[in-house]
Amino acid sequence: MHRNLRSFLDLLRRENDLVSIDVEVNPYLEVAEIHRRVIERDGPALLFNRVKGSRFPIVTNLFGTAKRIELAFGSKPEQFVKQLVSVAESLLPPNRKELWQHRSLVRDFLKLGTRTVSRGPVTEVINLEPHLDQLPVLTTWQEDGGPFITLPLVYTENPHTKKHNLGIYRMQIYDARAAGLHWQIQKGGGFHYHAAEQMNQSLPVTVFLGGPPALIISAIAPLPEDVPELILASLLGGEKLRMAKNPIGEAHRLVGEAEFALIGHAPPHERRPEGPFGDHYGYYSLRHDYPVFHCDAIAHRRDAIYPATVVGKPKQEDFFIGDYLQSLLSPIFPLVMPSVRDLWSYGETGFHSLAAAVVRERYTREALVAGFRILGEGQLALTKFLILTDSAIDLHDFRTVLEHLLARVRWETDFFIFSNTSMDTLDYTSGKVNEGSKAILMGLGDPVRDLPREFRGELPNGVSRAEVFCGGCLVVEGSSYLAEPDQAARLAREPVFADWPLVILHDDANVVRSTTDFLWSTWTRFEPAGDIYAAETKVIRHHLSYRSPMVIDARKKPSLPDELIVRDDVAKLVDARWREYFPQS
């Protein structure tokens, strides 16, 4: 496939899926707003050739459509994974006939991994007096704490085992030689740093920018700890990844085809405030202390191109990347979790907020065992709300999934809320960082109720509208949270809602008109232990047994960070310059 970023950009040009912008643009807010408007229209990748304050061009929106992801990788990686799973299942126990039938896999396996070369394009320029502030680093939202590298491929090695991690962890630029390292919980690079810190040692860190598209995607992939991302990169790229010797000594090898390599270290016990940052949940993640990257040298191509992305309220570029990775890796789930037949996390909610799975129920409560297995698997452990069914159903169609569950759930026994658990660092619905709660909702077997599909009752006090999202799910528009914090608990006891299994309290009932809006505005605004109410709750054998309706309070709470909204002057600037950016449109 594509050995480097240049090869991919050349293909996009031939496909008329790359637009060059030749007027000067500002990396402070302007580039990000252009990007957001283009991706909203399913538009092309963008190459900004004249960037204020830097001599390097910027490319964004590389993977912002399913078509461009197909152009980057084709169908072979997915075919390989499916074949690999098929072989793993058929070769137990192994026999010669099966081994011979799958001999082509051996050739593919020989292409996995890395190979060392004496030099690569990334070593064309070596700067031992680095200036991070001369890179065209974007500030994407007006309340951000500063400019952030948004596509850094951060490479580290475990100081004990030497196993590597490659992850995308945003980096706030502090000055010419220092940047923040946003290592959240459950992140491999953070585990490596803490191991080095316990030894009172600095952790060598190398940050790659650009390179083969496969490298960028592999850094995002939610692989289990100690599964090498560089192996996945070679699988996606169809060949061994070329790694160049580092010209400045004992540091890591460099990805030969990268655009930039930032070579440095993270000292132990050093923290600096990082953030706020407009994140993929659609809100600002707040300011917290994180480790610090000290840059010792920068290697780059002579004509290097700086790759960047922009995150915000879904759907952004990360949504398409996440969906591709799920499709690529989903055949593996039944192999590592035998009772899980299908699994999908919803990018509309920021991925970690909501997932659904089709599981086996061959004996009583096997589905719950499968749910625990999912919540114990790598980054899936950060899932906030997990839906389980034992019926073959298209998990991508959320309205159908929810309706299917609501017709089958027995609230007395099939709904579980677990308090005092870990939570995604970027999810602030609990009012705490990294702490919160989770929920499992099961809908198994045959339907146990007919679902209402139309609301005709009289609205209770404080409710101005009621709209049906799907059979059994009613969205009601209530008072603001500040005006009546306990409204959700009151509505759960209202007789007019008694026939509805699920009622969701919102600030605006119009969210029912779009599944994307419904998912985002619901699951990013509630925490199970704090915002779900039942008509009645009993304790039976230490289990909380509920009587519907269940009411989710998805109103905007004062504790939530600010939603990401473009500043008026930035929007007007981009409006005024639009024909300058795209004179042929």
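Residues numbered from 1 in each chain as written. Predicted model: local features only at pLDDT ≥ 70, side-chain atom pairs only at ≥ 80, totals over all residues. Heavy atoms only, no water.

Asker: How should the overall build of the protein chain be read in this particular structure?
Answerer: Across its full length, the protein chain carries 17 helices and 30 strands. Relative to its length of 585 residues, the protein chain is compact, with a C-alpha radius of gyration of 25 Å against a globular reference of 25 Å. On the principal axes, the C-alpha backbone points of the protein chain span a range of 75 × 70 × 55 Å. For the protein chain, the proportion of contacts with a sequence separation of at least 24, taken over those separated by at least 6, is 73%. Roughly 24400 Å² of accessible area belongs to the protein chain as shown, and the carbon and sulfur atoms make up 49% of that amount. Charged side chains in the protein chain number 66 positive and 75 negative. The centres of these two groups are separated by 5 Å. (Helix = DSSP H or I, 4+ residues; strand = E, 2+ residues; numbered from the N terminus. Rg over C-alpha atoms; globule rule 2.2 N^0.38 Å. Contact = heavy atoms within 4.5 Å. Areas by Shrake-Rupley, 256 points an atom, 1.4 Å probe, with all protein chains shown as cover. Lys, Arg positive; Asp, Glu negative; His and termini not counted. Charge placed at Lys NZ, Arg CZ, Asp CG, Glu CD.)

Asker: Would you explain the environment of E33 in this entry?
Answerer: Checked against the element boundaries, E33 lands in helix α2 (residues 30–40). Separated by 541 residues in sequence, E33 and V574 place their C-alpha atoms 7.2 Å apart. Setting aside chain neighbours within four positions, we find E33 in contact with V566, V570 and V574.

Asker: How should I be thinking about the side chain of R37 in this particular structure?
Answerer: Note that R37 resides in helix α2. We classify R37 as buried; its relative accessible area is 13%. In this structure, R37 is in contact with A571, V574, D575 and W578, ignoring residues within four places of it in sequence. (Buried < 20%, exposed > 50% of the residue type's maximum accessible area, 1.4 Å probe, protein only.)

Asker: Even after reading the chapter, I still don't get helix α17 (residues 568–581), so can you show me in this structure?
Answerer: Given 3.6 residues per turn, any residue in an α-helix points the same way as the ones three and four places further on. Taking 1.5 Å per residue as the helical rise, α17 with its 14 residues ought to reach 20 Å, and the 19 Å between its terminal C-alpha atoms agrees with that figure. The sharpest bend along α17 reaches about 35° and sits at D575. Where the residues of α17 are buried, they touch β1 (18–21) and α2. (Expected span 1.5 Å × (residues − 1). Bend = angle between axes of the 7 residues up to and from the residue.)

Asker: I would appreciate a short explanation of the nonpolar core in the present structure.
Answerer: Here is a general trend for soluble globular proteins: nonpolar side chains tend to be buried in one another's company. Judged by nonpolar contacts, the single largest core of 53 residues is most densely connected at F63, F73 and F208. The biggest single contributor to this core is helix α10 (residues 317–329), with 7 residues. When sequence neighbours within four positions are dropped, the list of residues in contact with F73 reads M1, F63, P213, A214, I217, L236 and Y324. (Core = buried A, V, L, I, M, F, W, Y, C linked by side-chain atoms within 4.5 Å.)

Asker: Can you walk me through the pairing of strand β12 (residues 241–244) in this structure?
Answerer: On a regular strand, each side chain points to the face opposite its neighbour's, so the side chains alternate between the two faces of the sheet. Burial of the side chains of β12 extends over both faces: L241 and M243 are buried on one face and R242 and A244 on the other. Bridge count for strand β4 (residues 114–117) against β12 is 4 bridges, and the pairing is parallel. Counted as the bridge partner of V117 is A244 from β12. Taken together, the 2 bridges between β12 and strand β13 (residues 254–255) define a ladder with antiparallel strand orientation. In the sheet register, M243 faces β13, and the bridge partner there is V255. (Pairing = 2+ DSSP bridges.)

Asker: Hey, could you run me through the sheet that holds strand β20 (residues 306–307) in this one?
Answerer: Within a beta sheet, neighbouring strands are joined by backbone hydrogen bonds and run either parallel or antiparallel to one another. Pairing within the open sheet is mixed, and its 4 strands lie in the order β1-β2-β3-β20. Across the chains shown, the open sheet's two edge strands, defined by having one partner strand only, are β1 and β20. The sheet contact formed by strand β3 (residues 58–60) and β20 spans 2 bridges and is parallel. Pairing of V59 across the sheet is with P307, part of β20. In the packing of α2 onto the sheet, the strands contacted are β1, β2 (45–48) and β3, and the crossing angle to β2 comes to about 155°. (Axes fitted to C-alpha atoms, helices over the stretch in contact; angles between N-to-C directions.)

Asker: In this structure, what is going on with the pattern of salt bridges? I would like to understand it.
Answerer: Opposite charge on two side chains allows them to pair when their charged atoms are near. Considering all chains together, one arrives at 34 salt bridges under this definition. One salt bridge connects R567 with D569, and the closest N-O pair in it is separated by 2.6 Å. By relative accessible area, R567 is classed as partly exposed at 31%. (Salt bridge = Lys/Arg side-chain N within 4 Å of Asp/Glu carboxyl O.)

Asker: Just checking my understanding: could you explain the packing of helix α8 (residues 213–220) against helix α9 (residues 229–237) for this structure?
Answerer: The angle between the axes and the distance between the axes are what describe a pair of packed helices. At a minimum axis separation of 8 Å, α8 and α9 run at an interaxial angle of 140°. Between α8 and α9, the crossing angle belongs to the class labelled oblique. Crossing handedness for the pair α8 and α9: right-handed. Residues A214, L215, I217 and S218 of α8 touch α9, and the partners they reach there are E229, L230, L232, A233, L236 and G237. (Parallel < 35°, antiparallel > 145°, perpendicular 65-115°, else oblique. Left-handed = near helix turned anticlockwise from the far one by under 90°.)

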